[in-house]
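What follows is the residue order along each chain.
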Amino acid sequence: MIPPSSPLDSRRDRRGAVLVFDHRDRAVRAIATEIAALIRERARTGHACVLGLATGSTPRGLYAELVRLHREEALSFANVTTFNLDEYYPLAPTHALSYRSYMHAELFAHVDLDPARTHLPSGTVAEADVVAHCADYEAKIRAAGGIDLQILGLGGNGHIGFNEPGSSRDSCTRMVTLAPGTRGAAAADWGDTTPPRYALTMGVRTILDARRIVLLAWGEGKADMVSAAVEGAVTAQVPASFLQEHPQAQFVLDAAAASALTRPSAGSGEPSG
Ligand code: GLP
């Protein structure tokens, strides 16, 4: 077990907040600890904790650590409500590659989360009902009191959720067409079949409405896109760059994912905790 440690670099400046750890396991420990503290604090005061969740390879370790905290440190998810970012469309929730299946396998099946409090957009809603379904997803998030903490990964083209380049800052939950590169990246998982052409995803605005946002990125392969998102212009061409405008958004990175960043000049940053 790798003990928790201080990040290598911690700063918050006008380009957004960055937290760099020497190893992703340490980053995962730090974020899982934050989530556990939030859940427990809400439980102590009799409140629900609303988590926004992501899929992909990046957050797997985080879910494993949350499961460990449940098993070994009695972390209860009884007061937790979850909203996932996205789901392929059309796709049955029972399909092995649905994001519902992913969440079940990685987290939901292993903790005491009430299944009725876990939400993902539906990959089986009739096409004619997609707009109403997406509006209902937004309404459910609002009715739950909004998202306390949203976890994000980072797509190879800068997408967050399935908000591909070109997604507006004001976008809400909706059906989107997946970029060829996104489907290409998913192709390895899909083997002989092709990934769906469409998805339902929270919008950029839905994500930015979360009170706290943590974008996780590991490995050198993410370094250039991390640099564009953190230090480049805020632009719909790099949807993750919109996080720069959120006062409580943080890019939580391992050293490799941070390797293309320019360190802030002395005095330009302040600890971000
Ligand atoms: C998919 C998901 C995103 C995820 C991205 C990166 O496109 N919809 O939410 O962030 O993949 O995946 P990975 O974490 O495997 O690099």
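Everything numeric in this text was worked out from a predicted model, so none of it was measured.

Engineer: So what about the packing of helix α1 (residues 24-44) against helix α2 (residues 60-73)? Which residues, and what values?
Structural biologist: Following both chains from N to C, one finds α1 and α2 inclined at 50°, their axes separated by 9 Å at the closest point. Judged by the inter-axis angle, α1 sits oblique to α2. The two elements α1 and α2 meet at a crossing, and its hand is right-handed. Contacts from Val28, Arg29, Ile31, Ala32, Ile35, Ala36 and Arg40 of α1 reach α2 at Gly61, Leu62, Glu65, Leu66, Arg68, Leu69 and Glu73. Among the residues making up the contact of α1 with α2, the classes are represented as eight nonpolar, one polar and five charged.

Engineer: Now, about the pairing of strand β7 (residues 149-152): what can you tell me, with residues and values included?
Structural biologist: Burial along β7 is two-sided: Leu149 and Ile151 facing one way and Gln150 and Leu152 facing the other are all buried. Of the strand pairs in this sheet, strand β3 (residues 49-53) and β7 are connected by two bridges, and their pairing is parallel. Residue pairing for β7: glycine 52 is matched across the bridge by glutamine 150. Pairing of β7 with strand β10 (residues 212-217), which is carried by four bridges, proceeds in the parallel orientation. Residue pairing in the sheet places leucine 152 in a bridge with leucine 215 of β10.

Engineer: Lay out the environment of threonine 235 in plain terms, naming residues and giving numbers.
Structural biologist: By secondary structure assignment, the location of threonine 235 is in the loop between α7 (223-231) and β11 (249-254). Residue threonine 235 is classed as partly exposed on the basis of its relative accessible area of 25%. Along the primary structure threonine 235 and tyrosine 88 are separated by 147 residues, whereas in three dimensions their C-alpha atoms are 25 Å apart. Residues contacting threonine 235, with those up to four places away along its chain left out, are Ser241 and Phe242.

Engineer: Before we move on, can you summarise helix α4 (residues 130-143) with the specific residues and values?
Structural biologist: The end-to-end C-alpha distance of α4, which contains 14 residues, comes to 20 Å, matching closely the 20 Å that a straight helix rising 1.5 Å per residue would cover. Of all the residues in α4, the buried ones are Val130, His133, Cys134, Tyr137, Glu138 and Ile141. Buried residues along α4 cover an arc of 140° about the axis, so they all sit on one side. Exposed side of α4, more than 90 degrees from the buried face: Val131, Ala132, Arg142 and Ala143 are the residues found there. Buried residues belonging to α4 abut β4 (80-84), β5 (86-89), β6 (118-119), β8 (174-177), β9 (198-201) and α6 (204-208).

Engineer: Help me get a handle on the site of the ligand, residues and values and all.
Structural biologist: Around the ligand sit Gly56, Ser57, Thr58, Asp86, Tyr99, Gly153, Leu154, His159, Gly161, Phe162 and Lys222, and those are all the residues in its vicinity. Taking threonine 58, its side chain carries an N or O atom lying 2.5 Å from an oxygen atom of the ligand. At 3.4 Å from a nitrogen atom of the ligand is found a main-chain nitrogen or oxygen belonging to glycine 161. When the free accessible area of the ligand is taken as 390 Å², the share hidden by the protein chains comes to 84%. Its residues placed into classes, the shell around the ligand shows three nonpolar, six polar and two charged.

What counts, and where the lines are drawn
Residues numbered from 1 in each chain as written. Predicted model: local features only at pLDDT ≥ 70, side-chain atom pairs only at ≥ 80, totals over all residues. Heavy atoms only, no water. Axes fitted to C-alpha atoms, helices over the stretch in contact; angles between N-to-C directions. Helix = DSSP H or I, 4+ residues; strand = E, 2+ residues; numbered from the N terminus. Parallel < 35°, antiparallel > 145°, perpendicular 65-115°, else oblique. Left-handed = near helix turned anticlockwise from the far one by under 90°. Contact = heavy atoms within 4.5 Å. Nonpolar A, V, L, I, M, F, W, Y, C, P; charged D, E, K, R; others polar. Buried < 20%, exposed > 50% of the residue type's maximum accessible area, 1.4 Å probe, protein only. Pairing = 2+ DSSP bridges. Expected span 1.5 Å × (residues − 1). Arc of directions from axis to C-beta. Near = heavy atom within 4 Å. Polar contact = N/O pair within 3.5 Å; in protein donor to acceptor, adjacent residues only side chain to side chain. Areas by Shrake-Rupley, 256 points an atom, 1.4 Å probe, with all protein chains shown as cover.

On their own, these measurements won't tell you what the molecule is for.
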